[in-house]
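Here is how the chains run, residue by residue.
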Amino acid sequence: MMDGYDEDLITSMLSHLNPDNLRLTLIAQGYNYDRFAKWYDTPYTIRTFSDEQKEKWHSNHISPTLVLPEQNPYISYQLKPLNVESPDKHLPEMIQELAGFRLWHCQDTEFKVPKGMIFVAIDSPHSVSSVENIVKSRVSVEMLLESINEDAYQAEIAGLSYNLYAHQGGFTLKLSGFNEKLHLLMDLILEKFRDRSFKPERFDIIKTQLLRGWRNAAQNKPISQLYNAMTGILQPNNPPYDQMIVALESLEVSELPPFIEKVMSELHVEMFVYGNWHKEQTFSLAETIKDALRVEEQTYEESTRPLMLLDKAGSKSFEFNCDHQDSAVLVYFQSFETGPENIALYTFAHHLMSSVFFNELRTKQQLGYMVGSGNLPLNRHPGLIFYVQSPLAGPDLLVEAIDDFLNAFFLILLELSDAEFQESKQGLIAQVEEPDANLRARAQRFWISIGNKDTEFMQRQKVAARLKKMDRSDMVKFIVEKLKPRTSDRLIMHSCGLLILTNASLMKTVQLSMWMHFAKEGWNTSDLLQFMKATFNQ
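Conventions and cut-offs
Residues numbered from 1 in each chain as written. Predicted model: local features only at pLDDT ≥ 70, side-chain atom pairs only at ≥ 80, totals over all residues. Heavy atoms only, no water. Helix = DSSP H or I, 4+ residues; strand = E, 2+ residues; numbered from the N terminus. Salt bridge = Lys/Arg side-chain N within 4 Å of Asp/Glu carboxyl O. Buried < 20%, exposed > 50% of the residue type's maximum accessible area, 1.4 Å probe, protein only. Pairing = 2+ DSSP bridges. Axes fitted to C-alpha atoms, helices over the stretch in contact; angles between N-to-C directions. Contact = heavy atoms within 4.5 Å. Parallel < 35°, antiparallel > 145°, perpendicular 65-115°, else oblique. Nonpolar A, V, L, I, M, F, W, Y, C, P; charged D, E, K, R; others polar. Left-handed = near helix turned anticlockwise from the far one by under 90°. Arc of directions from axis to C-beta.

A. The environment of Lys-453, seen in detail. Here Lys-453 lies in the loop between helix 14 (439–451) and helix 15 (459–469). Distance from Lys-453 to Arg-380, taken between C-alpha atoms, is 9.6 Å for residues 73 residues apart in sequence.

Encoded structure:
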């Protein structure tokens with residue numbers, strides 16, 4: 001059947017699909033069972049079909065509920081891309097700026113497919129003004145998504161997709177797919193938003209699901225817990241799970257309607273339409289968004305996205321209880337500047353260090369099975385992280401190992417041949433300059449640039465240009481001045497594993513017993529201190 005159409009074979013196969021060959025399985029509660037599975041003691045029963053069932057199934061009666069679905073309104077038929085309106089324009093342009101609203105447009109001129117993407121960022125200072133409001137935002141998003149889910153099924157099978165999520169500034173709606181009918185999906189979502197109903201039964205289910213998810217996340221591996229705690233410290237609008245759990249536990253459904261009304265009263269919208277649309281069509285889409293979000297006595301303000309800066313802060317350390325056998329350490333370095341030069345330096349540093357760091361601490365020293373580094377920009381500020389999770393070593397030893405690596409890395413740089421250094425640099429430049437693979441990737445890159453206020457859409461090219469000019473001395477200077485443990489500004493998150501704490505407690509008990517024993521034998525304090533230091537290397 002997989003090789004081609006064979007009507008006789010298909011007819012033969014279908015002839016076997018009849019009640020005489022039927023085996024029906026029912027999985028349900030509330031029935032009586034007379035058998036139990038051998039291995040798992042699962043209750044079950046086996047019954048033959050009654051004569052009434054067989055007669056019913058052999059009849060030619062067809063249930064009126066078994067009908068073909070109605071025509072899918074989201075299926076696109078205009079599959080030929082529109083004529084290019086402005087062949088010389090390849091970058092997004094702001095085509096409208098009003099109080100509380102900015103509109104960006106760019107018609108695709110390269111991929112030439114009948115598709116597009118729509119981004120709508122809704123900034124609301126009220127939605128992120130407290131942990132309680134951040135939790136309300138996330139619950140509201142989940143309830144809206146749940147209300148859309150069933151009605152949007154036909155759109156999804158027709159090649160359209162959507163996503164709505166809460167973030168540090170408010171909310172973002174993202175739509176993608178065949179552009180001809182994408183506005184219908186947008187209309188559906190906006191209609192659900194206008195008719196929002198916060199049903200108590202749905203609220204209870206979503207609240208339970210979120211609490212379960214956040215509590216489970218709070219039990220993740222120590223490195224993940226440290227990362228969540230770190231971002232909570234650095235980004236006040238991105239609180240850690242434990243704070244959100246407390247806020248959600250006391251949340252009532254009656255609090256959501258007035259919260260959304262307050263959110264709507266003060267907001268700022270940024271919209272970007274990219275793909276197979278002309279400018280006038282983008283204006284039409286924008287009017288739909290503005291009509292849906294407009295309320296009386298509305299004020300307009302963008303949300304701030306605060307970030308705790310580590311400039312001249314030195315080395316800051318935070319202990320976190322992960323309730324896990326392993327110890328873990330995460331060290332974060334942050335750039336105070338946000339320009340292309342700093343992005344290039346931090347990106348190149350990670351490119352050079354990542355494999356060497358893993359090889360040194362994981363392969364050679366075998367400190368733990370989770371060892372790595374990452375390029376971590378936060379709120380446009382470049383950054384680096386180094387992390388180790390270990391069942392063998394405590395936080396002090398892990399930090400010392402990371403520091404030893406950072407202190408010695410400039411020597412590793414100096415030992416690289418010119419050819420090795422240039423090969424590594426060219427590899428990174430190729431990654432930075434890699435062309436967009438499809439329309440979605442380009443739209444996402446443009447949208448990130450809009451969010452980062454890169455209105456020239458040239459950051460990638462500027463970073464590549466800085467990398468091309470960078471030599472070994474620039475990297476050595478950066479490593480020594482910015483990453484040396486003695487002089488660097490950094491944040492250290494650490495957790496001591498239960499196994500290390502148990503061993504430490506046992507060691508202290510042994511030391512105390514030995515001290516008391518030898519003291520009874522008449523040893524003086526000076527001799528005891530020297531002996532204990534030599535015995536336990538303390």
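Still more to cover.
B. Main features of the pattern of salt bridges. Tallying each qualifying case throughout the model produces 24 salt bridges. Notably, a salt bridge pairs Asp-436 with Arg-460, separated by 3.9 Å at the nearest N-O pair. In this pair, Asp-436 sits in the loop between helix 13 (418–432) and helix 14 while Arg-460 sits in helix 15, placing the two residues 24 residues apart along the sequence. Residue classification places Asp-436 among the buried residues on the basis of a relative accessible area of 11%. A residue is classified by how much of its surface remains accessible, and Arg-460, at 23% relative accessible area, is partly exposed. What emerges from the salt-bridge pattern is a single network uniting Glu-97, Arg-102, Glu-270, Glu-302 and Lys-453.

C. Quick peek at the sheet that holds strand 13 (residues 490–495). Strand order in the open sheet made by the five strands is 9-13-10-12-11, with mixed pairing throughout. In the strand order of this sheet, the two ends are held by strand 9 (315–319) and strand 11 (370–375), each with one partner. Within the sheet, the average angular offset between the axes of one strand and its neighbour, ignoring direction, is 10 degrees. Both strand 9 and strand 13 contribute to a ladder of five bridges, which runs parallel. Counted as the bridge partner of Phe-318 is Met-493 from strand 13.

D. Main features of the sheet that holds strand 6 (residues 161–166). Strand order across the open sheet formed by six strands is 3-4-8-5-7-6, with mixed pairing between neighbours. Both outer strands of the open sheet, strand 3 (93–98) and strand 6, are each paired with one neighbouring strand and no more. Strand-to-strand, the axes of this sheet are offset by a mean angle of 10 degrees, without reference to chain direction. Note: strand 5 (residues 115–123) against strand 7 (residues 170–178), nine bridges, orientation antiparallel. Its bridge partner being in strand 7, Ile-118 is matched across the sheet by Leu-175. Lying over the sheet, helix 3 (residues 131–149) contacts strand 6 and strand 7, oriented at roughly 160 degrees with respect to strand 6. Lying over the sheet, helix 5 (residues 182–194) contacts strand 5, strand 6 and strand 7, oriented at roughly 150 degrees with respect to strand 7.

E. The arrangement of unusual backbone geometry in detail. The phi angle at Asp-41 is positive, at roughly 60 degrees, despite the residue not being glycine. For Asp-41, a relative accessible area of 52% gives the class exposed. In this structure, Lys-312 takes a positive phi of about 60 degrees despite not being glycine.

F. Fine view of the packing of helix 11 (residues 340–364) against helix 16 (residues 472–483). Between helix 11 and helix 16, whose axes approach to 11 Å, the crossing angle comes to 95 degrees. When the axes of helix 11 and helix 16 are compared, the pair comes out roughly perpendicular. Contacts between helix 11 and helix 16 involve Leu-345, Tyr-346, Phe-348, Ala-349, Leu-352 and Met-353 from the former and Asp-474, Met-475, Phe-478, Ile-479 and Leu-483 from the latter. Looking at side-chain class alone, the contact of helix 11 with helix 16 contains ten nonpolar, no polar and one charged residues.

G. Examining the packing of helix 3 against helix 6 (residues 200–217) more closely. Running from amino to carboxyl end, helix 3 crosses helix 6 at an angle of 120 degrees, the nearest separation of the two axes being 10 Å. The angle between helix 3 and helix 6 falls in the class oblique. At the point where helix 3 passes helix 6, the crossing takes the right-handed sense. Within the contact between the two elements, helix 3 uses Val-135, Arg-138, Val-139, Glu-142, Met-143 and Glu-146 and helix 6 uses Arg-202, Phe-203, Ile-206, Leu-210 and Trp-214.

H. Highlighting helix 15. Here helix 15 has its buried residues at Val-463, Ala-464 and Leu-467. One side of helix 15 carries all its buried residues, which in axial view fall inside an arc of 100 degrees. For helix 15, the elements touching its buried residues are helix 11 and helix 13.

By themselves, these figures tell us nothing about what the structure is for.
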